[in-house]
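A closer look at the structure
Chain by chain, the residues run as shown.
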Amino acid sequence: MEIVSAISLWFIPVLIAFILIYGTYKKVPTYESFVEGGKEGIKMAVSIMPFLVGMMVAIAVFRASGALDVMVNWIRPALELVGIPAEIVPLALIRPISGTAALGITSDLIGVHGPDSFIGTLAATLQGSTDTTFYVLTVYFGAVGIKKMGDALKVGLLADAVAIVTAIIVVTFMFSK
Amino acid sequence: MVNYIWVFMILISLGFAMVNGTMAEVNEAVFTGAKEAITLSIGLISILVFWLGMMRIAEDSGLLSKLSALFKPLISKLFPEVPSSHPAMGYILSNMIANMFGLGNAATPLGIKAMEELKELNDGKNEASRSMITFLAINTASITFIPTTVIAIRMNYDASNPTDIVGPTLVATAVSAVAAILIDRFFYYRRSKKG
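Residues numbered from 1 in each chain as written. Chains lettered and ligands numbered in written order. Predicted model: local features only at pLDDT ≥ 70, side-chain atom pairs only at ≥ 80, totals over all residues. Heavy atoms only, no water.

**Brief notes about the UniProt feature "domain: Nucleoside transporter/FeoB GTPase Gate" (unreviewed entry) in chain A**
When the UniProt feature table is mapped onto this chain numbering, "domain: Nucleoside transporter/FeoB GTPase Gate" (unreviewed entry) sits at residues 46-147 of chain A. Taken end to end, residues 46-147 of chain A is 77% helix and 0% strand, and its two terminal C-alpha atoms sit 17 Å from one another. (UniProt positions renumbered as here; feature names shortened; annotations may be inferred. Helix = DSSP H or I, 4+ residues; strand = E, 2+ residues; numbered from the N terminus.)

Okay, structure coming up:
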């Protein structure tokens, strides 16, 4: 497992060095190319702003009003019937909506139940194997001005649902005795 | 659809706040939510500028097209609409690789860039193309090899072996990525049937 942490530590520096060496070797005006590419980054960040504000206000209001908690409580009994611990429900619901909130819940679950507990492991796996669909959708489509999303949201959320169910099955299979 | 979800979320919340007496919290959330969004986009600027600068060098030196050539068979199956030598391929691949190593911050600029190229392929329409939806599905299913953040949290709480979730995460991520592609294909065929 030391290899794993070594890779995550060395990946970015090695990548940067490689791009720079290869660019120099191919006689690319590296610094000028860098600046040209970087300019686009500023434009992108600015164009995302309204999309993010719209989505994040809606999510913040939804949480603050208590509507989210009530929804969690509705779904809870149904999930407990199939043996899914209720503690995980808020995380599963929040994960597609807000990355930072999900991370908060995950660390909370790991802290309260212990990192090696079933719930702690399940939370960690869930956090690692799914992504914040609403964020990805807002940022990616917002930046390039896609207004009609087609089936994108449906596909993304269904994929999330599958990921959550898979995580539960895998962790149950590998960790509970 | 997003329009309805967005309006629904806000209106339900307002209705809820009225019944539950959480109007003060909701008022505050309007402003903190907006502020957080701007803080987030400002924070993104540094990362976007740096990685798009680096990637421009990779593009100009031909590194990106080399990378796409390497994975061409796999990617052209997933994205049949994208010509194999198109720069979109390079960005899609780099985004997937960044995600695999849990480099969420580096992955975002590449993903946006990929979307931009895909939009161009779609004649600049403001409608999501088939490839865009596929790319999004793969992204939200998030193929991860090393869930860096989660490992860090587990270390913080003194897990006996912080990295032992790598195994289950890999299995879960692989299954869900395959599922995402299948779901995406199902919706595509449903769309094309309708015409």
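Okay, back to it.
**Re the packing of aromatic side chains**
Evaluated as defined, the whole model comprises 7 aromatic pairs over all chains. Plain terms: the ring middles of Phe50 of chain B and Trp51 of chain B are 5.3 Å apart, the flat faces sit at 85 degrees to each other, and that makes the pair edge-to-face. Looking at Trp51 of chain B, the relative accessible area reads 8%, which means it is buried. Considering the side-chain rings of Tyr188 of chain B and Tyr189 of chain B, the 5.3 Å spacing of their centres and the 65 degrees angle between planes classify their relative orientation as edge-to-face. A residue is classified by how much of its surface remains accessible, and Tyr188 of chain B, at 22% relative accessible area, is partly exposed. One aromatic cluster is present, formed by Phe18, Tyr22 and Tyr25 of chain A through successive ring pairs. Positioned over the ring face of Tyr188 of chain B is Arg130 of chain B, at 3.6 Å from the centre of the ring. (Phe/Tyr/Trp six-rings, centres within 6.5 Å; stacked < 30°, edge-to-face > 60°. Buried < 20%, exposed > 50% of the residue type's maximum accessible area, 1.4 Å probe, protein only. Lys NZ or Arg CZ within 6 Å of the ring centre and 35° of its normal.)

**Re a nonpolar patch on the surface**
On the surface, Trp6, Val7, Leu11, Leu14, Met18, Val19 and Met23 of chain B cluster together into a nonpolar patch covering about 680 Å² of accessible area. Inspection of the secondary structure puts Met23 of chain B in helix 2 (residues 23-60). (Patch = residues over 30% accessible without salt bridge, like charges linked within 9 Å, V, L, I, M, F, W, Y side chains within 5 Å. Areas by Shrake-Rupley, 256 points an atom, 1.4 Å probe, with all protein chains shown as cover. Salt bridge = Lys/Arg side-chain N within 4 Å of Asp/Glu carboxyl O.)

**Some points on the confidence of the model for chain B**
Chain-level statistics for chain B give a pLDDT mean of 84 and a share of 94% at 70 or above. Interface confidence for the predicted complex, given as ipTM, is 0.77, next to a pTM of 0.77. (pLDDT = per-residue confidence, 0-100.)

**Observations regarding the UniProt feature "transmembrane region" (unreviewed entry) in chain B**
Residue and element names in this part refer to chain B. Here the UniProt-annotated "transmembrane region" (unreviewed entry) positions come out as residues 6-26, 38-58, 88-112, 133-153 and 165-188. Taken as a whole, residues 6-26 contains 90% helix and 0% strand, while its terminal C-alpha atoms sit 16 Å from one another. Secondary structure over residues 165-188 splits into 96% helix and 0% strand, and the C-alpha atoms at its two ends are 34 Å apart.

**Let's talk about the UniProt feature "transmembrane region" (unreviewed entry) in chain A**
Residue and element names in this part refer to chain A. Following the UniProt record, the feature "transmembrane region" (unreviewed entry) maps to residues 7-25, 45-66 and 155-175 here. Annotated as residues 45-66, this span is 91% helix and 0% strand, and its ends, taken at the C-alpha atoms, are 31 Å apart. Secondary structure across residues 155-175 divides into 100% helix and 0% strand, with the first and last C-alpha atoms of the span separated by 30 Å.

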